[in-house]
Amino acid sequence: MSYSQKHPNPRVIVIGAGIGGLMMGLLLGKAGITYQIFERSSHVRTLGALMSINANILPVFEQLGLMEEVENISLRNRWSGIYNSKMKQIAKIGMEDYKGCTGYDFLVFSRPEFCDVLLRQIPKDRISFNKRILKMRKCIDGTRIYCSDNSIYEGDIVIGADGAYSSVRHNMHKMMENDGLRILKDNSDMPMPYLCMVGTTNPLNPEKYPQLKDPLTHLHHVVGDAVFSWTVITIPRNRFCWSVMAQIKNQGEAKEQRFRNSEWGPEANNALIEQVKDFPITFGGTLGDMISATPKERVSKVMLEEKLFDTWHYGSVVLIGDGAMNAMQDAVVLVNCLYDLLDCSPESITAAFEDYKSQRYSHAKKQVAYSKLNAKVSSGQTFAERAIRHLVLNYIPASVKAKQFSKAAAYRPQIAFLPQIRDKGSIKSLPNRPSKRAMYEESIQRKRRAVAVYDSSEVSASTISFSEAGYTLGEKKCSTEIQYRPV
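Residues numbered from 1 in each chain as written. Predicted model: local features only at pLDDT ≥ 70, side-chain atom pairs only at ≥ 80, totals over all residues. Heavy atoms only, no water.

A. Representation of the side chain of Asp 105 within the structure. Mapping Asp 105 onto the fold places it in the loop between helix H4 (98-102) and strand S7 (107-110). When its relative accessible area of 8% is taken as the criterion, Asp 105 is described as buried. At 2.7 Å, the side chain of Asp 105 and the side chain of Arg 76 are in polar contact. Polar contacts involving the side chain of Asp 105 include one to the side chain of Arg 78, which spans 2.8 Å. Setting aside residues up to four positions removed in sequence, Asp 105 forms contacts with Ile 53, Asn 54, Leu 58, Arg 76, Arg 78, Tyr 98 and Lys 99. (Helix = DSSP H or I, 4+ residues; strand = E, 2+ residues; numbered from the N terminus. Buried < 20%, exposed > 50% of the residue type's maximum accessible area, 1.4 Å probe, protein only. Polar contact = N/O pair within 3.5 Å; in protein donor to acceptor, adjacent residues only side chain to side chain. Contact = heavy atoms within 4.5 Å.)

In structure tokens:
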């Protein structure tokens with residue numbers, strides 16, 4: 001089969017209006033694919049605190065023309081400090097050379113403001129609220145979803161962007177089990193649980209906190225003596241983002257917390273606040289000062305867990321990952337695959353999903369492994385994790401760290417059907433797979449331009465030739481302004 005001028009336009013249902021779902025909708029719109037986002041809440045819940053992005057995704061925001069908007073809500077991060085409970089610095093992690101290596105700064109900002117940047121790109125009628133998914137069923141034309149308000153919808157493709165405790169994943173597993181397939185590994189509990197509470201303060205007095213005057217961010221992370229670690233960081237407009245994490249070492253307690261705190265929300269924070277309010281912070285004062293300066297509706301609690309699932313799709317249902325960076329990279333690669341669909345047949349859709357997973361799985365696996373190691377280094381409280389932290393911070397050679405950094409920084413997926421952003425730093429990006437459909441459409445445009453040159457000249461039709469490698473215009477003297485490039 002080959003591409004034609006008439007391209008398929010699948011009906012896509014996106015479940016979840018978090019960062020992954022909003023990014024997915026934005027990219028589908030750019031690809032000209034019909035979509036609708038379904039969100040279980042009554043509005044987009046832009047909760048959370050600190051978030052950071054870097055060269056691994058920033059080229060996409062250049063492609064989308066959103067770089068300036070992201071920079072306007074951000075501060076640049078050039079270093080981070082790790083401290084013990086006595087406020088003594090035990091490590092300084094420098095990122096001064098990051099822009100020279102990648103061409104981009106390491107940007108930090110408030111998660112709610114980043115969600116707003118994405119949300120402004122989505123037409124209001126493309127998001128349906130109060131749509132909690134109860135079940136999914138296969139149908140002739142794809143998948144049918146049933147919502148708690150008794151509404152029913154059908155789509156050629158359903159994309160689950162609803163987080164670690166995904167309703168779409170749960171229902172996809174049920175569909176697989178009904179078809180006699182077993183998915184035991186994906187049903188096991190997630191390892192590495194942390195209970196995390198986060199918030200963003202109101203503007204504070206820069207005379208009291210002079211670090212707020214600095215155009216660069218100050219990121220200070222404290223490793224406590226028991227189960228807690230906490231982070232406070234400056235962000236634009238004289239504010240702080242803060243977070244506190246409690247390591248959960250008992251699986252029984254982890255299961256109870258999953259049941260009680262399985263989603264973002266400002267509820268049930270008082271007990272944890274009482275435990276942590278007197279913790280000192282490096283900026284002066286206590287964590288309680290930061291919490292008091294944060295409106296209650298901006299304080300939320302969640303379980304942080306890492307797991308790489310084996311099953312990414314089934315039938316016309318596909319999942320994108322949790323975690324902002326992974327979710328956005330998943331969305332970029334998935335929309336590239338959907339853009340290249342030949343038709344809306346089950347075979348073509350399955351092939352696109354398999355292509356998506358084959359491109360993303362190894363990189364997602366590395367990212368999950370890195371996140372686990374980072375959690376052990378920054379927040380782990382067991383004897384083994386403290387030993388790992390000491391080893392990583394003090395004994396791993398700089399050359400080894402530089403090599404690992406270069407490998408991680410080289411992965412920068414881009415939107416294949418938009419103009420590509422060239423490398424800017426010393427670290428070259430891994431090759432991005434070109435879009436077959438975009439190449440076909442470009443070849444058609446070039447042929448039309450060549451014919452236009454023919455129509456405006458005396459060259460005979462027999463002297464115009466086309467091939468997969470490009471085209472020629474015989475020996476006729478044509479306009480010197482016309483440039484001929486390979487297809």
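So that's the structure; there's more coming.
B. Representation of the UniProt feature "transmembrane region" (unreviewed entry) in the protein within the structure. The feature "transmembrane region" (unreviewed entry), as given by UniProt, occupies residues 12-33 in the numbering adopted here. Secondary structure over residues 12-33 splits into 55% helix and 18% strand, and the C-alpha atoms at its two ends are 8 Å apart. (UniProt positions renumbered as here; feature names shortened; annotations may be inferred.)

C. View of the pairing of strand S1 (residues 12-15). Here S1 shows two buried faces, one formed by Val 12 and Val 14 and the other by Ile 13 and Ile 15. Here S1 pairs with strand S12 (residues 157-160) via 4 bridges, running parallel. Within S12, the position partnered with Ile 13 by the bridge is Val 158. Bridge analysis of S1 against strand S2 (residues 35-38) gives 4 bridges, and the strand direction is parallel. Among the inter-strand pairings, Ile 15 is bridged to a residue of S2, identified as Phe 38. Remark: the S1/helix H1 (residues 19-30)/S2 crossover connection has right-handed handedness. (Pairing = 2+ DSSP bridges. Right-handed = clockwise from strand over helix to strand, strands pointing away.)

D. Highlighting the sheet that holds strand S10 (residues 142-147). Taken in spatial order, the 3 strands line up as S9-S10-S11 in an open sheet, and their pairing is antiparallel. Bordering the open sheet on either side are strand S9 (133-139) and strand S11 (152-155), each of which pairs with just one other strand. On average, each strand axis in the sheet is inclined to that of its neighbour by 25 degrees, with strand direction left out of account. Here 4 bridges tie S10 to S11, and the two strands are oriented antiparallel to one another. (Axes fitted to C-alpha atoms, helices over the stretch in contact; angles between N-to-C directions.)

E. Highlighting the layout of surface pockets. The calculated volume of the second largest pocket comes to roughly 490 Å³. Lining the second largest pocket are 24 residues, with Cys 337, Asp 340, Asp 355, Gln 359 and Arg 433 positioned closest to its centre. Where the lining of the second largest pocket is concerned, the elements lending two or more residues are helix H10 (324-339) and helix H11 (346-379). (1 Å grid on protein atoms, 1.4 Å probe; cavity = no way out; pocket = protein on both sides within 12 Å on 5 of 7 lines; lining within 4 Å. Points joined across faces, edges and corners; volume = space filled by probe spheres on them.)

F. Structural view of the sheet that holds S7. Read across the open sheet, the 3 strands follow the order S3-S7-S4; overall the sheet is antiparallel. The sheet terminates laterally at strand S3 (50-53) and strand S4 (75-76), the two strands that pair on one side only. Pairing of S4 with S7 involves 2 bridges; the strand directions are antiparallel. Bridge assignment links Arg 76 to a residue of S7, and that residue is Leu 107. The strands that helix H5 (residues 111-119) touches are S3 and S7; relative to S7, the one it contacts most, it runs at about 95 degrees.

G. Region of interest: the pattern of salt bridges. Under the counting rule described, the total for this entry stands at 20 salt bridges. With a closest N to O distance of 3.7 Å, Glu 71 and Arg 76 form a salt bridge. Here Glu 71 falls in the partly exposed class, since its relative accessible area comes to 31%. Given the relative accessible area of 28%, Arg 76 is considered partly exposed. One salt bridge connects Arg 126 with Asp 125, and the closest N-O pair in it is separated by 3.7 Å. Linked by salt bridges that have partners in common, Glu 71, Arg 76, Arg 78, Lys 99 and Asp 105 make up one network. (Salt bridge = Lys/Arg side-chain N within 4 Å of Asp/Glu carboxyl O.)

H. Local environment of the pairing of strand S14 (residues 219-223). The buried fraction of S14 is high, at 5 of 5 residues. Here S14 shows no split at all, with Leu 219, His 221 and Val 223 on one side and His 220 and Val 222 on the other all buried. As defined by bridge partners, strand S5 (residues 79-84) adjoins S14 across 5 bridges and the pair is classed as parallel. From the neighbouring strand, Gly 81 faces S14, where its bridge partner is His 220. Direction of pairing for S14 relative to strand S15 (residues 228-235): antiparallel, over a ladder of 5 bridges. When the bridges of S15 are listed, His 221 appears paired with Thr 231. From the end of S14 to the start of S15, which pair antiparallel, there are 4 residues.

I. Region of the structure containing the packing of aromatic side chains. Inspection of the entire model under this criterion finds 12 aromatic pairs. On the basis of an interplanar angle of 20 degrees and a centroid distance of 4.2 Å, the ring pair of Tyr 339 and Phe 417 is categorised as stacked. Of this pair, Tyr 339 sits in helix H10 while Phe 417 is found in the loop between helix H13 (398-409) and helix H14 (436-455), placing the two residues 78 residues apart along the sequence. (Phe/Tyr/Trp six-rings, centres within 6.5 Å; stacked < 30°, edge-to-face > 60°.)

J. Inspection of empty space enclosed by the protein at higher detail. As enumerated under the stated definition, the model contains 1 cavity of 30 Å³ or more in all. Roughly 40 Å³ of internal volume is contained in the largest cavity. What lines the largest cavity is Pro 59, Tyr 104, Arg 412, Gln 414, Ile 421, Arg 422, Asp 423 and Ser 429. The residue makeup of the lining of the largest cavity, split by class, is 3 nonpolar, 2 polar and 3 charged. (Nonpolar A, V, L, I, M, F, W, Y, C, P; charged D, E, K, R; others polar.)

K. Layout of the packing of H11 against helix H12 (residues 383-394). Between H11 and H12, whose axes approach to 8 Å, the crossing angle comes to 95 degrees. The angle between H11 and H12 falls in the class roughly perpendicular. Across the interface between the two elements, Leu 373, Lys 376, Val 377, Ser 378 and Ser 379 from H11 touch Glu 385, Ile 388, Arg 389, Val 392 and Leu 393 from H12. The residue inventory of the contact of H11 with H12, partitioned by class, reads 5 nonpolar, 2 polar and 3 charged. (Parallel < 35°, antiparallel > 145°, perpendicular 65-115°, else oblique.)

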